[in-house]
Each structure stands twice: as C-alpha cells, then as structure tokens.
Amino acid sequence: MDPAADRAQRLVAAVRMRDAATVLHLDADAFFAAVEQRDKPSLRGKPVLVGGIGGRGVVSTASYEARRHGARSAMPMSRARRLSPGAAVLTPRFAAYAAYSQVIMGVLRDLTPAVEPLSIDEAFADLALAPGDVGEPEDVAARVQARVTELTGLTVSVGVGRSKLVAKIASDLRKPGGVVVVRPEDEDDVLLPLDVRTVPGVGPATQGALERLGVRTVADLRRQPLDTLTMTLGEAHGTGLYLMSRGLDDRPVVTTSERKSAGAERTFAADLRGKALVLSAVDDVVDEALQRLERHGGAARTVVAKVRYADFSTVTRSVTFPHPTASESELRDAARRAVLAAGVVEPVRLLGVAFHALSSHAQLALDLDAHLFDAPRRAVVGEHDHVGGRLAVVDAAAPAGDRPQGTDGTDGTEGTDGGPDGTGPGPDHGEDRTGDPGTAVPDPSQPASLDGTPAPDVDEVVAALVADDARLVGAEKAVVGRPLGGSAVGRPLDASNSRPGLDVEHATLGRGWVVHVRGREATVRFETALTPPARSRVLDLDTDPLVLVEPVGVTPPSATPDHVAPSA
C-alpha cells in the first residue's frame, strides 16, 4: 500500500466514534441582543445592535431584525448603523448575560451531569451519561428548548449528533429556534453538501487556501489527500480537517473547566505607525494579559501575538518555550518578538497577546542579566499565517517609544480569530469573534438597587465564561459590570459614566435604562421585563438624579403580569 494512503487509513482507524447520536449542542439565538429585548420590552421585534459604541466599535451581536438589514456580528458598528439606521445600539451588560447563561446551563445540568460550556451562550451535553432513559434525541431537544423558553423567554437552537463536530454544525442549520438531529447513517447526506466554511476551523484565510485547491464544499474537502491538506495548511490543521470532512471527531464532553489560554487585545483610536510605537503598545497589552495569566496558573509555554493592520488584514505569530515560564520579562520579550515576526510595516489598528499551554508549574530560572550568559535563551517563533506551520527563530531588539492611546470607555474593542478556546488571539481556526478577552468578571456583590437588593448570584463557571467571552467588547471599562478601574454601580448617572442600555433607577419612577445622556439631560425609558413597553422620557439630572444599578436578573415569562401585553 502507498505509504501516504496507509498513514491516512491508520489515522482514520484510530478514531473511536459513538454508535448513536448522544452529543447535544445548545446555542442561544442572538443571545446578547435577545437578552436586551427581553429586559427592554420596547425593543422587542425591533433591530438591536450590541457592541462597542465608539468610532471603532464592533458589533458583538445583531438581533435577527437587524440581520435582515445586513448587519452582523464582527462588523464595524459604524457600518451596521448605516445598514440598519433604526437599530437601537446598546453597550454590553455583563451581569445580565451571566444571569441568563446560568439559567440556560442549569437546564442542561438538570438533564445530564456531563455539560461542557463553550461560551456564555453555548454548551455541549452528553446524553449517554444522563441518568435513566432520556428518550429520543428529538424529544430531548424539544424539552430543552421548551424549558429554556419557560424560564427565560429566550429561544435556543439545538443540534444532536454522535460527535461534537456534527452536533455543533447541526445546531446552526435551522436557526433561530431549530432542532436538527443527525444520526450516524445520515451524516454524509447532511455534511457533504455544506459549504466548507461550515467546518469549524475554516476561517477566511483557510478558506482562501482551500479555494486554491478547488475546495468549496465538505465533499470537495473529503476528496483531498491527507498529504495535500497537511502541506497546504500545516500538519495539525490539515490532519484535523481531513478527519472532520469525514465526520470523525471522538473528543469527549469535558466537564472540567481547565483554562486553555489567557490574553488581552486592544483596538487603537488612531492607527499606530512605526515599530517603536507598536512595541510600546504591546507592553500595555501584555500588562493586561499578565494580570489574567496570574489568575490562571501563572505560567505559559506559548505566547501568541495578533496584529491587525489598517486594511483589516490580520497576522498572528507565536513564540514557544521549551518549558512553561512564569518570568514576566521572558513573556514580555516573547510577545515583542512575536509582534516583530509579524513584520510591522503597515499602520496597526489592533494588537493582541495571549498566553497558551498554561501551567501552574514553571521551570525555575535565575533572573540574571543577559550578559552573564554565553548565549541568549532562544525560543521558537512560529508563523501562524493560517496557511503553513513554518517555524523560524527570530532575534529582535525592542526599542521603546511613546505610549499610544488605546480605545477608552466609549470606543469598544474589536478582535477576531480567537485562540483554541475562543479567548485571545490565535491562529485563524474559527469564525470571527469580537471583543476584549481582558474583560473582568462581574462582581455580584455590588448593590443592585436603591433598596440594597443584591445583584443575582452567578456561579464561578458562568462568571469565568463572561470573563473569557471575546464578544463582550471593551465598551465599559469603568461602568456597570466591568469593575476594572472601579465599578460605577451605585453612582449617580452623568455624561462620563453613561452608556446606552445601562440600567438606572429613579427614586420615584423606578427602574429603566439609558437611551443617551447629553450634558445634564438624560433620556431614559422606565421599563423592565415586568412592565409594558415605555416611551422615552427626558430628565434633568440636577433635579431628577438617576443611579446606575446592576440588572435585576432573569424574569421568567410566567412572572409577567397578565396586564402586560407582549410587544410585536
């Protein structure tokens, strides 16, 4: 047998697949926007855009009403506004999303103890480990959907297959509110006609490489020899796509929450020009990433840098050490070298740094001056240009420069091409995600209202998902739910801490949300999930002060008074 064919055959034979569709994937529909519409009755049935509100803000989520106008996630907010001029543009509310997420994850855990959250709005569940006979997968999916809607008023899409790969693809086929069950004997009928972009790991760059091979569908991908894919895409990525094109994926549903990466990224109000300025900016991003790394083991073996240029082209480079290191100087130097390896020759729009292969154990090293060594320590710099797995060793000096200004509380943060767990920069092995992986966990201890009612409790798993979700853009650095720089909860609303969509409370008018603040005039809608839709009211903040408060949590539809008619 041909050696290449024998290798491919052995690779396929090594995968141990299930014999029944017992992996369920749940994905909440337009989650952030749906939560906003649920909590703000006047926005139900209307276009809503959630994301960064500044000049360089990016859409985190577009409601289905806005999508009909062409708006979508990861699009610049300015463009989305032009496409959907009547859309309500809201800043993300971390605490609200965490509360809804916790309820949704709880529905899955009531079904089976084997639940693996992927992000704040999606998770896998292993039906094979559910106690007792759960019934047919179609019935299970329908029960999950009904229970989520009963408790939250939101819709979710569900896919069921014999692998994570098939279940995740299936959940996206009939959105919103769809159920797709793919049994083993039906996999080829479902998978082969699909656009190759449906396969996880096929982002724009990978798609371009595959198109040069004539690959446009999953069927086309399956016809490619293993050697062709590995030579084109690199060993790991090529091998993965070879298997996925055959529906082969034996990854288990993992219930542990082991952290895979920690990182941060920043979009700049003005493009950076020159290596000195870029490297100075890298130091600021590394500072944020190191804070997160310290909370999740403290040591890392791989440092990935992402550079996005003014034309939106994106390059990632990685530096890998022989052993995990917790040395701040080594990690910072690795980030600088990775950025330089990207070839900083064009104006830079965004910089990101992520630490991968995390560990609580680091190789002990003396922090001595470099001149005491005969030769400098060298780490391998990997070129993740999304096509090859080429490796090179790069030595580079890191000049200092003036510190550029990143986006502030009004500009939002953008980013794509998350790392393997969707957190921080990484190779282009997935669909675009927007946001700031440096997001802090919402503090549930903050007061929620004038009467001291506490904010809803959020368990550690969900809180970590909020912190890690790259779509939660950096639009609230010192505002509600974003304690970095000091939480604004309990403070009087003014122009400096207001963002559209944030929760406020008035001493007599009750709870509402900010439409906008101009000077000392605030436009507010006093409504909640328990009230009818409200019209905007303009208040003078000197005579009618408002206080920023946390969201009230999840209000099930059953709690809505009978006199409150649902909005169309």
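Just above, that's the structure.
Residues numbered from 1 in each chain as written. Predicted model: local features only at pLDDT ≥ 70, side-chain atom pairs only at ≥ 80, totals over all residues. Heavy atoms only, no water.

Before going further, it helps to examine the overall build of the chain. The helix and strand inventory of the chain stands at 15 helices and 19 strands. Considering only residue pairs separated by 6 or more positions, the chain has 69% of its internal contacts joining residues 24 or more positions apart. Accessible surface computed for the chain: about 23,900 Å², of which carbon and sulfur atoms make up 52%. (Helix = DSSP H or I, 4+ residues; strand = E, 2+ residues; numbered from the N terminus. Contact = heavy atoms within 4.5 Å. Areas by Shrake-Rupley, 256 points an atom, 1.4 Å probe, with all protein chains shown as cover.)

So, about the packing of aromatic side chains. With the rule as written, the count across this model stands at 3 aromatic pairs. Between the aromatic rings of Phe32 and Tyr97, the centroid separation amounts to 4.5 Å while the plane-to-plane angle is 15 degrees, which identifies the pairing as stacked. In this pair, Phe32 is assigned in helix α2 (residues 31-39) and Tyr97 in helix α5 (residues 94-111), connecting sequence segments 65 residues apart. The pair Phe32 / Tyr97 is uniform in exposure class, with both members buried. Aromatic rings pair up to connect Phe31, Phe32 and Tyr97 into one cluster. The side chain of Arg67 reaches across the aromatic face of Tyr64, ending 4.4 Å from its centre. (Phe/Tyr/Trp six-rings, centres within 6.5 Å; stacked < 30°, edge-to-face > 60°. Buried < 20%, exposed > 50% of the residue type's maximum accessible area, 1.4 Å probe, protein only. Lys NZ or Arg CZ within 6 Å of the ring centre and 35° of its normal.)

With that out of the way, let us pick up the sheet that holds strand β7 (residues 156-161). Read across the sheet, 5 strands follow the order β5-β6-β1-β7-β8 without closing on themselves; strand pairing throughout is mixed. Of all the strands in the sheet, just β5 (115-119) and β8 (179-181) have a single pairing partner and so form its edges. The sheet shows a mean angle of 15 degrees between the axes of neighbouring strands, taken without regard to direction. As paired elements, β7 and β8 share 3 bridges and run parallel to each other. Looking at β8, one finds that Gly159 is bridged to Val180. Set on the sheet, helix α6 (residues 137-152) makes contact with β1 (23-28), β7 and β8; between it and β7 the angle comes to about 160 degrees. (Pairing = 2+ DSSP bridges. Axes fitted to C-alpha atoms, helices over the stretch in contact; angles between N-to-C directions.)

So, on to the pattern of salt bridges. A full pass over the atoms with the stated rule returns 28 salt bridges. A salt bridge links Arg223 to Asp220; the nearest nitrogen and oxygen atoms lie 2.3 Å apart. By relative accessible area, Arg223 is classed as exposed at 59%. Relative accessible area serves as the criterion here: at 16%, Asp220 is assigned to the buried category. Measuring nitrogen to oxygen at the nearest pair gives 3.6 Å for the salt bridge that ties Arg332 to Asp283. Note that Arg332 is positioned in helix α14 (residues 328-341) and Asp283 in helix α13 (residues 275-295), a separation of 49 residues in sequence. (Salt bridge = Lys/Arg side-chain N within 4 Å of Asp/Glu carboxyl O.)

Close contact between α2 and α5 brings their axes to 10 Å; oriented N to C, the two are set at 100 degrees. In terms of axis orientation, α2 runs roughly perpendicular to α5. Every residue of α5 that contacts α2 at Phe31, Phe32, Val35, Glu36, Arg38 and Asp39 is listed here: Ala96, Tyr97, Tyr100, Ser101 and Ile104. (Parallel < 35°, antiparallel > 145°, perpendicular 65-115°, else oblique.)

This next bit is on the nonpolar core. Within the largest apolar cluster, 39 residues are counted, with the highest numbers of intra-cluster contacts made by Leu24, Leu26, Phe31, Tyr97, Leu108 and Val144. For this core, the secondary structure elements donating two or more residues are β1, α2, β2 (48-51), β4 (88-90), α5, β6 (122-126), α6 and β7. If one sorts the elements of this core by residue count, α5 sits on top with 8 residues. One finds Ala289, Leu331, Ala334 and Phe355 within the second-largest nonpolar core, a separate group that totals 32 residues. (Core = buried A, V, L, I, M, F, W, Y, C linked by side-chain atoms within 4.5 Å.)

What follows deals with the packing of α5 against α6. It is the contact of α5 with α6, at a shortest axis distance of 10 Å, that shows an interaxial angle of 145 degrees. Of the two elements, α5 crosses α6, and the hand of that crossing is right-handed. From α5, Tyr100, Val103, Ile104, Val107, Leu108 and Leu111 reach across to α6, where they touch Val140, Val144, Arg147, Val148, Leu151 and Thr152. Each residue belonging to the contact of α5 with α6 can be placed in one class, and the counts come to 10 nonpolar, 1 polar and 1 charged. (Left-handed = near helix turned anticlockwise from the far one by under 90°. Nonpolar A, V, L, I, M, F, W, Y, C, P; charged D, E, K, R; others polar.)

Turning to the sheet that holds strand β3 (residues 59-62), a few remarks are in order. Strand order in the open sheet formed by 3 strands is β3-β2-β4, and the pairing between neighbours is mixed. For this open sheet the edge positions go to β3 and β4, each flanked by a neighbour on one side alone. Recorded for the sheet is a direction-independent mean angle of 25 degrees between the axes of neighbouring strands. Relative to β3, β2 runs antiparallel, the two sharing 3 bridges. Bridge pairing in β3 places Leu49 opposite Ala62.

This brings us to α2. For α2, a buried count of 9 out of 9 residues is recorded, marking the element as mostly surrounded by other parts of the structure. Within the sequence span of α2, burial applies to Phe31, Phe32, Ala33, Ala34, Val35, Glu36, Gln37, Arg38 and Asp39.

Of note, the amide linkage connecting Lys175 to Pro176 takes the cis form, showing an omega dihedral of -10 degrees. Positioned with a positive phi, Ala74 is a non-glycine residue whose angle comes to about 75 degrees. As for its position among the elements, Ala74 is in the loop between α3 (64-67) and α4 (77-83).

Its place among the elements puts Phe355 in strand β12 (residues 348-359). Take Phe355: its relative accessible area is 0%, and that puts it in the buried class. Between the C-alpha atoms of Phe355 and Ala299, which are 56 residues apart in sequence, the distance is 8.5 Å. Not counting residues within four places of it along the chain, the set of residues in contact with Phe355 comprises Lys260, Ser261, Ala262, Ala289, Leu290, Leu293, Ala300, Thr302, Val303 and Leu331.

Each regular strand displays side chains that alternate between the two surfaces of the sheet. Of all the 11 residues making up strand β10 (residues 299-309), 10 are buried; the element is thus mostly covered by neighbouring parts of the structure. Pairing analysis gives 10 bridges linking β10 to β12, with the strands arranged antiparallel. When the sheet's bridge partners are listed, Val307 is paired in β12 with Leu351. Sheet topology places β10 next to strand β11 (residues 314-325); 8 bridges connect them, and they run antiparallel. In the strand pairing of β11, Val307 is matched with Val315. As consecutive antiparallel partners, β10 and β11 are separated by 4 residues, and within that stretch Phe312 has a phi angle of approximately 75 degrees, a positive value.

Attention now moves to the side chain of Ser157. On the secondary structure map, Ser157 appears in strand β7. On the basis of relative accessible area, Ser157 is assigned to the buried category, the value being 0%. Here the side chain of Ser157 touches Gly177 through a polar contact of 3.1 Å, landing on its backbone nitrogen. Apart from the residues lying within four places of it in its own chain, the contact partners of Ser157 are His25, Leu26, Asp27, Asp29, Gln145, Ser171, Arg174, Lys175, Pro176, Gly177 and Gly178. (Polar contact = N/O pair within 3.5 Å; in protein donor to acceptor, adjacent residues only side chain to side chain.)

What helix α9 (residues 204-211) keeps buried is the set Thr206, Gln207, Ala209 and Leu210. All buried residues of α9 fall inside an arc of 160 degrees around its axis, so they share one side. Looking at the buried positions of α9, the neighbouring elements they touch are α10 (218-222), α11 (226-233) and α12 (235-244). (Arc of directions from axis to C-beta.)

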